[in-house]
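Residue strings, one per chain:
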Amino acid sequence: MNRFIFPILFGGILLVCIFGLMLFQQMGGEIVSDGASADNSEIETENSRDGSGIMFALQMMYEDMTGAAVVTPKIDVSGFVPEAPNGWFPTPYKNADGEAITQTTLSRGPIAKNATNTMLMQFDGLARGKGNGFAVTYKRGEQMIAYMMYVPDQFNSRTVRGGIMAAISSNMSAASFGGSPDTFALHHGVPISAAPSYVRSQSSSENVPVDYRVFNANVGGMFKIKILTNSSYAAVAKVMQAIPMGALIAKLPEPEPHLLISTDFQTRDAELSAEVPVSPSIARRAYMMSKVRLDYSDLDTDLLDDIMDRRVRDWETAFEDHGTALGVEAEIRALLGEMPDLPPSLAVEYNARALKRMDRDWTDNEETILSKMARRQITERKHMERYLRDGEHISEEIITLINLLPETYDAASLEEPVIVESPISARDLVIRRGTKIGQGESTFGNCSIEHGVRRCVVGGLDDN
């Protein structure tokens, strides 16, 4: 019985409230709200009969029920579809297109979603005719560029609810959250920004790398554009350039001044890559590896984190902080591909950086040698004289680096593409008394293991 009584009772109370509100308005009550201006975000409310807070609440409830808090601009956007670039053909967007680009499956269930799923729902909704907009996919083989444009609902500032939301939206637009977006291109003065290449995980609150690319544009607050692609930067720029931006700006009631004088299309980078991204990228593969093993060392984890954050993309970007990544697991190093051949001077520098990062028990003298090698302050053998003393213990790894040092440093050697094998082996290098470096009888026979590091005594007892 209760399951019938309470809904009926609640419905009756709601009808009474609505009737009271309508009666209040007919008796002369007037509520005026103005929150559309960004210069004056405060809502001014007047009530000729000193309406109470209850009346405001009833007014807002009425607006929510009738949808009066927002208005939908009546603009036909069907004629603003960009022309397909040469070699591409346009097709109506299908959900399978978005799933193929993002390598995910659209979920329509009530569980928590991530930004990828929300975006696919928005594309799918426009493709099904929901909302004032359209979605189209440009295809070229396996490459796809999904494009959507729509006219968002505007807050009705003449209502209480709409005025409040317009003021909040204006204040949030004026605030700065985390700096400026990454602008990829300007089209008639309209910025087209590149979204971050990751999504936030709802379960772990971590940034999950993604291999698709997303670009956004807002034309005067009246037209919104989103591009989703698995193609190259050069290809997506051609679609951006085909957007009839001038015609869209002409539809704006009050375009910003710079939109009226700018007619160019330009990208941030003059030369755009035509390379199609490989999926899964090394960033995504690094993320997967980090989630399936618990025995990675701190050294392994540091490199994985840099790869996931795309600070490291290949060996060239790894050399700066990680050197040659000695001590890192082979499967992680393999993410960066084959290491390029290094000239001796760079081999010393980058291997020294890698050795410094390792959890090794270096002596103070060894630590100093590695630091100066890593900063390219030790580039010739004569630079080693002050750090090598008779009877000094030096690890074999550092001896190998000393062995690569030339007698005279040649800056041009940095351009050599292939590392030159030194004819001197670690056993041939002799550090004599008086810190003279040369070739002769090996004195590295007296070696021992200390704290997991193999060290050899530099200098022979019989040397003069």
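We now turn to the structure provided with this report. What you see is a predicted model; the values in this text were computed from it and never measured. (Residues numbered from 1 in each chain as written. Predicted model: local features only at pLDDT ≥ 70, side-chain atom pairs only at ≥ 80, totals over all residues. Heavy atoms only, no water.)

Moving on, we come to the pattern of salt bridges. Applying the stated criterion across every chain, the model contains 18 salt bridges. With its nearest N and O atoms 2.3 Å apart, the salt bridge here joins Arg-268 to Asp-182. With a gap of 86 residues between them, Arg-268 in the loop between strand S12 (265-267) and helix H9 (282-292) and Asp-182 in strand S6 (residues 182-187) connect regions that are remote in the sequence. For Asp-182, a relative accessible area of 39% translates into the label partly exposed. Residues Asp-302 and Arg-357 are paired through a salt bridge, measuring 3.5 Å at the closest nitrogen-oxygen approach. Here Arg-357 lies in helix H13 (residues 344-357) and Asp-302 lies in helix H10 (residues 298-308), a separation of 55 residues in the sequence. By relative accessible area, Asp-302 is classed as partly exposed at 35%. Via salt bridges that share partners, Arg-293, Asp-295, Glu-329 and Glu-331 belong to a single interconnected network. (Salt bridge = Lys/Arg side-chain N within 4 Å of Asp/Glu carboxyl O. Helix = DSSP H or I, 4+ residues; strand = E, 2+ residues; numbered from the N terminus. Buried < 20%, exposed > 50% of the residue type's maximum accessible area, 1.4 Å probe, protein only.)

Among the residues examined, Arg-268 registers a relative accessible area of 45% and is labelled partly exposed. Spatially, the C-alpha atom of Arg-268 lies 5.4 Å from that of Phe-184, the residues being 84 residues apart in sequence. Setting aside its immediate chain neighbours within four residues, Arg-268 contacts Asp-182, Thr-183 and Phe-184. Within the structure, Arg-268 has its side chain in polar contact with the backbone oxygen of Thr-183 (distance 3.5 Å). (Contact = heavy atoms within 4.5 Å. Polar contact = N/O pair within 3.5 Å; in protein donor to acceptor, adjacent residues only side chain to side chain.)

For strand S11 (residues 223-229), a buried count of six out of seven residues is recorded, marking the element as mostly surrounded by other parts of the structure. Note that strand S4 (residues 143-150) and S11 share six bridges and pair antiparallel. Directly across from Tyr-150, in S11, lies its bridge partner Lys-224. In the sheet, strand S10 (residues 213-219) pairs with S11 via seven bridges, with the strands oriented antiparallel. Bridging from a neighbouring strand, Ala-217 pairs with Ile-225 of S11. The antiparallel pairing of S10 with S11 creates a hairpin that spans three residues between the two strands, and Gly-220 there sits at a positive phi of about 65°. (Pairing = 2+ DSSP bridges.)

What follows covers the nonpolar core. Membership of the largest hydrophobic core comes to 60 residues, with the highest contact counts inside it found for Phe-123, Tyr-212, Leu-228, Ile-307, Ile-369, Met-373 and Met-384. Among the secondary structure elements, those contributing two or more residues to this core are helix H4 (115-127), S4, H9, H10, helix H11 (315-322), H13, helix H14 (364-374) and helix H15 (396-404). For this core, the leading source of residues is H13, giving six residues. Other than its neighbours up to four places away in sequence, Phe-123 contacts Tyr-93, Ala-135, Ala-146, Tyr-147, Met-148, Lys-226 and Leu-228. Trp-88, Met-149, Ile-227 and Ala-237 belong to the second largest nonpolar core, which has 34 residues in total. (Core = buried A, V, L, I, M, F, W, Y, C linked by side-chain atoms within 4.5 Å.)

The next thing to look at is the pairing of S4. In terms of burial, S4 is a largely internal element, eight of the eight residues being buried. Because side chains alternate across S4, one face comprises the buried residues Gln-143, Ile-145, Tyr-147 and Met-149, and the other comprises Met-144, Ala-146, Met-148 and Tyr-150, equally buried. Taking the residues that link successive antiparallel strands as the turn, the strand S3 (residues 133-140)-S4 hairpin has two residues, and the phi of Gly-141 there is positive, at about 65°.

Next up on the list: the packing of aromatic side chains. Applying the stated criterion to the full structure yields seven aromatic pairs. Ring centres 5.0 Å apart and planes at 35° place the aromatic pair Tyr-93 and Phe-123 in the tilted group. Highlighted residues: Tyr-93 in the loop between strand S2 (89-92) and helix H3 (95-102) and Phe-123 in helix H4, separated in sequence by 30 residues. Since its relative accessible area comes to 0%, Phe-123 is described here as buried. Chaining the aromatic ring pairs together yields one cluster made of Phe-184, Phe-215 and Tyr-233. Here the basic side chain of Arg-213 rests over the ring of Tyr-233, its NZ or CZ set 3.7 Å away from the ring centre. (Phe/Tyr/Trp six-rings, centres within 6.5 Å; stacked < 30°, edge-to-face > 60°. Lys NZ or Arg CZ within 6 Å of the ring centre and 35° of its normal.)

Here we come to the packing of H11 against H13. Following both chains from N to C, one finds H11 and H13 inclined at 55°, their axes separated by 8 Å at the closest point. It follows from the interaxial angle that H11 and H13 lie oblique. Across the interface between the two elements, Phe-319, Glu-320, Asp-321 and His-322 of H11 pack against Tyr-350, Arg-353, Ala-354 and Arg-357 of H13. Among the residues forming the contact of H11 with H13, the class breakdown is three nonpolar, one polar and four charged. (Axes fitted to C-alpha atoms, helices over the stretch in contact; angles between N-to-C directions. Parallel < 35°, antiparallel > 145°, perpendicular 65-115°, else oblique. Nonpolar A, V, L, I, M, F, W, Y, C, P; charged D, E, K, R; others polar.)

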